[in-house]
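Descriptive analysis of the structure
Letter by letter, the chains look like this.
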Amino acid sequence: MTLKASPLSFPFSSTPAIGIPSPIRKGIDWCRHQLPFALDHINTWLIEDSGSIVIVDTGIADDISQAGWEKILGGEQRSSEISKIVITHAHPDHIGNASWLHHRTKASVWMTQSEFLTAQAVFEKSPSHSTTSIGALFRQHGLPANDCGSVAEKGDHYEKLVGSLPPSFIKISEGDRLNIGNNSWQTILGSGHSPEHLSLYCEEENILISGDMLLPKISTNVAVWPHSPDGNPLKEFLISIDSFNHLPADVLVLPSHGLPFVGAHQRVKELQIHHEERLNQILSVCHEPKSAFQILPTLFERELDAYQLFFAMGESIAHLNYLCWEGEVQKQESATDQGVVNFIKQ
Ligand SMILES: [Zn+2]
């Protein structure tokens with residue numbers, strides 16, 4: 001969802017051409033890769049590591065993105081070895097080329113354990129991560145039965161976008177420090193968008209690689225999925241982004257989507273306000289029992305296509321679960337639609 005204009009500052013006004021890294025600082029380069037969605041690009045990062053290069057995130061596994069990587073890695077200045085492939089999280093635009101790059105460069109893949117295992121679960125369509133279970137969750141939350149299969153399938157492109165997964169990984173944990181070149185990058189783990197998302201902060205450069213946890217223009221997707229139907233990812237997300245308030249206010253944020261920006265604290269505040277407003281809007285209509293499907297028009301003014309509905313349903317459930325855990329609403333079974341869960345203000 002697009003938010004209002006903000007007082008963030010954007011020190012880099014032009015974006016890198018596909019396949020051509022653009023310098024952020026000496027030894028830190030910005031690359032772009034196309035995505036075939038409304039979100040049409042992802043940023044990835046190259047960090048010099050004493051004669052080799054660390055890659056952070058990889059794009060989806062398609063011919064265009066891989067041709068971009070060939071150009072990046074085959075370029076004159078990029079003939080160095082790749083020492084690490086670091087993945088912020090399991091979503092396909094981030095992990096998509098990890099296996100391909102691993103086999104091409106022999107570099108190890110570094111990521112958190114939950115993200116590695118989640119990628120396996122989604123890729124292998126385990127029962128708790130399958131299209132069937134997503135359809136059943138959405139049905140339980142009021143999506144008309146006829147739409148459940150098609151909406152669940154719209155979000156089911158993981159295998160196609162990833163191709164294959166890396167066979168193994170090196171585990172990254174909270175508070176680890178990755179020594180890259182002369183700098184130390186501190187790991188900051190977060191959840192709510194994905195189970196154990198990795199961000200990286202370098203004090204010497206005052207740079208945060210935020211992944212999807214802090215984006216300048218769009219609010220990060222925060223959704224409930226069937227492996228944890230009563231989970232509270234919105235609370236986890238709000239707690240997680242608060243950790244960025246402990247970084248310097250003038251930290252340069254390198255996000256996965258959009259332009260690098262300065263104004264992390266301001267952006268955290270905007271997102272807190274954004275979700276608070278949404279929660280209040282939901283409460284204002286829950287004086288009568290409402291399902292997650294029924295509150296979609298309250299949360300999303302625009303018409304939603306099947307692909308957007310996939311993420312919107314998960315977001316809607318996330319906001320209702322948050323209110324439920326806070327004791328603001330309670331669940332009850334629909335009187336008219338058997339098996340459907342409604343939420344009503346306490
Ligand atoms: Zn993501």
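As a convention, each chain's residues are numbered from 1 in the sequence order in which they are written. In view of the model being predicted, local features appear only for residues whose pLDDT reaches at least 70, and side-chain atom pairs are presented and counted only at 80 or more, with totals across whole chains, interfaces and linings using the full set of residues. To obtain the side-chain values, all non-hydrogen atoms of the structure were used and water was disregarded.

So, the overall build of the protein
- Helix and strand content of the protein: eleven helices and 15 strands.
- At 20 Å, the protein has a C-alpha radius of gyration in line with the 20 Å of a compact globule built from 346 residues.
- Relative accessibility under 20% of the residue-type maximum defines a buried residue, over 50% an exposed one, and the middle range a partly exposed one, all with a 1.4 Å probe and only protein chains included. Looking at the protein as a whole, 54% of its 346 residues qualify as buried.
- Pairs of residues are marked as contacts when any of their non-hydrogen atoms sit within 4.5 Å. Taking the contacts inside the protein whose residues are at least 6 apart along the sequence as the reference set, 65% of them involve residues at least 24 apart.
- As presented, the protein carries roughly 15000 Å² of accessible surface, and 50% of it is formed by carbon and sulfur atoms. In DSSP terms, a helix is any run of H or I states spanning at least four residues, a strand is any run of E spanning at least two, and both are numbered starting from the N terminus. Values of the radius of gyration come from C-alpha atoms, whereas the globule rule sets the reference at 2.2 Å times the count of residues to the power 0.38. For the accessible areas, the method is Shrake-Rupley and the probe is 1.4 Å, while residue cover comes only from the protein chains on display.

Some points on the pattern of salt bridges
- Each salt bridge in this description consists of a side-chain nitrogen of Lys or Arg and a carboxyl oxygen of Asp or Glu lying within 4 Å of one another. For the structure on display, the rule yields eight salt bridges.
- We note a salt bridge from Arg 139 to Asp 337, for which the minimum N-O separation is 3.0 Å. Within this pair, whereas Arg 139 is found in helix H5 (residues 131-140), its partner Asp 337 is found in the loop between strand S14 (329-333) and strand S15 (341-345), the two being separated by 198 residues in sequence.
- Residue classification places Arg 139 among the partly exposed positions, given a relative accessible area of 26%.
- The salt bridge partner of Glu 288 is Lys 290, with a shortest N-O separation of 3.9 Å.

Some points on helix H1 (residues 63-74)
- Each residue after the first adds 1.5 Å to the expected span of a helix. Taking 1.5 Å per residue as the helical rise, H1 with its twelve residues ought to reach 16 Å, and the 16 Å between its terminal C-alpha atoms agrees with that figure.
- Each element contacted by the buried residues of H1 is listed here: strand S2 (28-34), strand S3 (41-49), strand S4 (52-56), strand S5 (81-86) and helix H3 (98-105).

Points about the packing of helix H8 (residues 233-242) against helix H11 (residues 306-325)
- Note on method: axes are straight lines fitted to C-alpha atoms, helices fitted across the in-contact stretch only, with angles between N-to-C directions ranging 0 to 180 degrees. Taken N-terminus to C-terminus, the directions of H8 and H11 make an angle of 85°; their axes are 7 Å apart at the nearest point. With respect to their mutual orientation, H8 and H11 come out roughly perpendicular. The residues of H11 that touch H8, namely those facing Pro 233, Leu 234, Lys 235 and Leu 238, are Ala 318, His 319 and Tyr 322.
- Nonpolar residues are Ala, Val, Leu, Ile, Met, Phe, Trp, Tyr, Cys and Pro. Charged residues are Asp, Glu, Lys and Arg, and all others, Gly as well, are polar. Class assignment of the residues belonging to the contact of H8 with H11 gives a composition of five nonpolar, one polar and one charged. If an angle is under 35 degrees, it is roughly parallel; if it is over 145, roughly antiparallel; if it lies from 65 to 115, roughly perpendicular; otherwise it is oblique.

A few points about the coordination of the zinc ion
- Here the zinc ion is held by the protein donor atoms His 89 (NE2), His 91 (ND1), His 193 (NE2) and Asp 212 (OD), which lie 2.1 to 2.2 Å from it.
- For the zinc ion, the four donor atoms in the first shell make angles of 91 to 172° at the metal, so the coordination geometry reads as irregular. Here a donor is an N, O or S atom found within 2.8 Å of the metal, or within 3.2 Å if the metal is Na, K or Ca; sites may look incomplete because water is not among the atoms. In these descriptions, tetrahedral denotes four donors with every angle between 85 and 135 degrees, square planar four donors and octahedral six donors with opposite donors over 155 degrees apart and the rest between 65 and 115, and irregular any other case.

Some details on the packing of aromatic side chains
- Here the aromatic set is Phe, Tyr and Trp, taking the six-membered ring for Trp, and pairing holds for ring centres within 6.5 Å; pairs whose planes are under 30 degrees apart are stacked, those over 60 apart are edge-to-face, and all others are tilted. One pass over the structure, following the stated rule, counts eleven aromatic pairs.
- On the numbers, 6.1 Å between centres and 25° between planes, the contact of Trp 30 with Trp 45 is stacked. Of the two residues, Trp 30 sits in strand S2 while Trp 45 sits in strand S3, which places them 15 residues apart along the sequence.
- Residue Trp 45 is classed as buried on the basis of its relative accessible area, which comes to 1%.
- With a centroid separation of 6.0 Å and 75° between ring planes, the pair formed by Phe 138 and Phe 310 is classed as edge-to-face.

Some words on the state of the cysteines
- Two cysteine sulfur atoms form a disulfide, by the criterion used here, when they sit within 2.5 Å. Tallying each qualifying case throughout the model produces zero disulfides.
- Among the cysteines around Cys 202, which has no disulfide bond, Cys 31 carries the closest sulfur, lying 18 Å off.
- Of the residues examined, Cys 202 reaches a relative accessible area of 0% and is grouped as buried.
- Left without a disulfide partner, Cys 324 is nearest to the cysteine sulfur of Cys 286, which lies 10 Å away.

Examining H11
- The end-to-end C-alpha distance of H11 is 29 Å, a good match for the 28 Å that 20 residues give at a rise of 1.5 Å each.
- Summarising burial for H11: 14 of the 20 residues are buried, a large majority.
- Any pair of nitrogen or oxygen atoms within 3.5 Å is treated as a polar contact; in protein, a donor-acceptor pairing is required on top of that, and neighbouring residues in sequence qualify only through side-chain atoms on both sides. The backbone nitrogen of Tyr 307 lies 3.1 Å from a side-chain oxygen of the residue at the head of H11, namely Asp 305.

As for the sheet that holds strand S12 (residues 252-255)
- When DSSP finds two or more bridges between two strands, those strands count as paired. Pairing is mixed in the open sheet, where six strands are placed in the order S8-S9-S10-S11-S12-S13. Two strands bound the open sheet, and with one partner strand each, they are strand S8 (177-180) and strand S13 (261-262).
- Sheet topology note: the S8/strand S9 (residues 183-190) ladder contains four bridges and is antiparallel. Looking across to S9, one finds that Leu 178 is bridged to Trp 185.

Comments concerning the environment of Lys 217
- Position of Lys 217 relative to the elements: it lies in the loop between strand S11 (207-211) and H8.
- In this structure the C-alpha to C-alpha distance between Lys 217 and His 257, which are 40 residues apart in sequence, comes to 8.6 Å.

Any functional reading would require information that these geometric values do not contain.
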